[in-house]
Amino acid sequence: MNDASPSTARVLPDAQTVTEVTHWTDTLFSFRVTRPQSLRFRSGEFVMIGLLDEAGKPIQRAYSIASPSWDEELEFYSIKVQDGPLTSRLQHIKVGDQIILRPKPVGTLVHDALLPGKRIWFLATGTGIAPFASLMRDPETYEKYDEVIMMHTCRQVAELEYGRQLVESLNDDPLIGEMVAGKLKYYPTTTREEFHHMGRITDNLTSGKVFADLGITPMDREHDRAMVCGSLAFNLDVKAVLEGFGLREGANSEPLEYVVEKAFVGDGV
Ligand code: FAD
Ligand code: A2P
């Protein structure tokens, strides 16, 4: 019997099998796993995933589902924290390995939490792009909005690559390629390495640079909706900027103009 045999599946609660792993940088990787047949989720939601530690105890963390709700598999985009209880182990997973996946999706970055609008802004730093990797691949996003603007900011150019390839692949996507064409505007920036567009999301919104670069009108409450996912400091600063444009924070229970989710808990690495 090998490691991927049913006996392993019995040991791991809610086990799913790894089908693909891609390492993007020393600190970032993505992977795909089988999807439990019963799992239904809304693009943008997160689940708990994990591994067993050496003592057989589960180590579980929140992860945004990066794949869209129509996909047969589930994709995740992950940080590698060298001494992190989960990711020090998770970064070594290989095709055929099993992970724990608790099939209870939740989260605020869902279309239902926003009032109808004309443009939607996805604002992310680092791994905060994960829920938008799901939402950018969801036909509902393009049915609901005339324009979709993805702003993603990282320190280094290499950290943008997962998002860049994903956006590029959308144009050839048989399901949503046509819907995406002309609607999705991608605005990646770096802050600590030379790149064609640079600067923090907050600064590029406040200065109006992003509006000028994309040739679009500034944000307003009537037309614009936003979803935010980054560190706590980023989220707080973006909220202040969005409020400055007149947008108000909504929730599943009370849809308004923007919603926010933490990409992780803590100060960053
Ligand atoms: P932890 O002990 O969990 O973290 C150690 C420290 O590493 C943290 O205090 C923080 O300073 C830093 N850190 C943790 N995660 C990140 C990160 N993503 N980016 C930068 N610094 C970080 N992580 C992902 O990689 N991808 C996701 O899609 C994702 N979705 C999340 C959704 C929600 C709602 C929340 C609350 C967290 C999410 N996280 C995500 C973070 C994730 O839950 C874990 O914190 C991360 O996997 C590291 O786990 P760990 O046990 O190795 O280290
Ligand atoms: P900067 O390099 O100017 O700090 P981190 O790796 O620290 O989580 O940061 C990821 C990206 O988010 C970096 O480009 C960083 O810019 C940016 N960033 C960090 N904190 C904020 C904030 N409070 N407001 C806007 N951007 C931020």
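Just so we're clear, the structure is a prediction, and the values are computed from it rather than from any experiment.

K.L.:
Quick one: what's the story with the sheet that holds strand 1 (residues 15-25), residue by residue and with numbers?
P.N.:
Adjacent strands of a sheet pair through backbone hydrogen bonds, lying either parallel or antiparallel. Here six strands make up an open sheet; going across it, the order is 4-3-6-1-2-5 and the pairing antiparallel. Both outer strands of the open sheet, strand 4 (58-64) and strand 5 (73-79), are each paired with one neighbouring strand and no more. The average angle at which neighbouring strand axes cross in this sheet is 35°, direction not considered. Contacting strand 1, strand 2 (28-34) and strand 5, helix 5 (residues 161-170) runs over the sheet at an angle of about 105° to strand 1.

K.L.:
Account for the site of ligand 1, naming residues and giving values.
P.N.:
Lining the immediate surroundings of ligand 1 are 23 residues, of which Ala62, Tyr63, Tyr77, Thr87 and Thr127 lie closest. One of the backbone N or O atoms of tyrosine 77 is found 2.8 Å from a nitrogen atom in ligand 1. For ligand 1, the accessible surface in isolation is 860 Å², of which the surrounding protein chains cover 85%. Where the shell around ligand 1 is concerned, the elements lending two or more residues are strand 4 and strand 5. Here the shell around ligand 1 is composed, by residue class, of 13 nonpolar, seven polar and three charged. When residues of the shell around ligand 1 are assigned to domains, at least three map to each of domain 1 (15-106) and domain 2 (111-262).

K.L.:
I'd like to hear about the site of ligand 2, residue by residue, with values.
P.N.:
Ligand 2 sits among Thr125, Thr153, Cys154, Arg155, Thr191, Arg192, Arg200, Thr202, Ala233, Phe234 and Asp237. Between arginine 200 and ligand 2, the recorded distance is 2.9 Å, taken from a side-chain N or O atom to an oxygen atom. For the shell around ligand 2, the elements supplying multiple residues, two or more each, are strand 8 (147-154) and helix 9 (232-244). With three residues, the top contributor of residues to the shell around ligand 2 is helix 9.

Reading guide: rules and limits
Residues numbered from 1 in each chain as written. Chains lettered and ligands numbered in written order. Predicted model: local features only at pLDDT ≥ 70, side-chain atom pairs only at ≥ 80, totals over all residues. Heavy atoms only, no water. Pairing = 2+ DSSP bridges. Helix = DSSP H or I, 4+ residues; strand = E, 2+ residues; numbered from the N terminus. Axes fitted to C-alpha atoms, helices over the stretch in contact; angles between N-to-C directions. Contact = heavy atoms within 4.5 Å. Near = heavy atom within 4 Å. Polar contact = N/O pair within 3.5 Å; in protein donor to acceptor, adjacent residues only side chain to side chain. Areas by Shrake-Rupley, 256 points an atom, 1.4 Å probe, with all protein chains shown as cover. Nonpolar A, V, L, I, M, F, W, Y, C, P; charged D, E, K, R; others polar. Domains from an automatic or database assignment.

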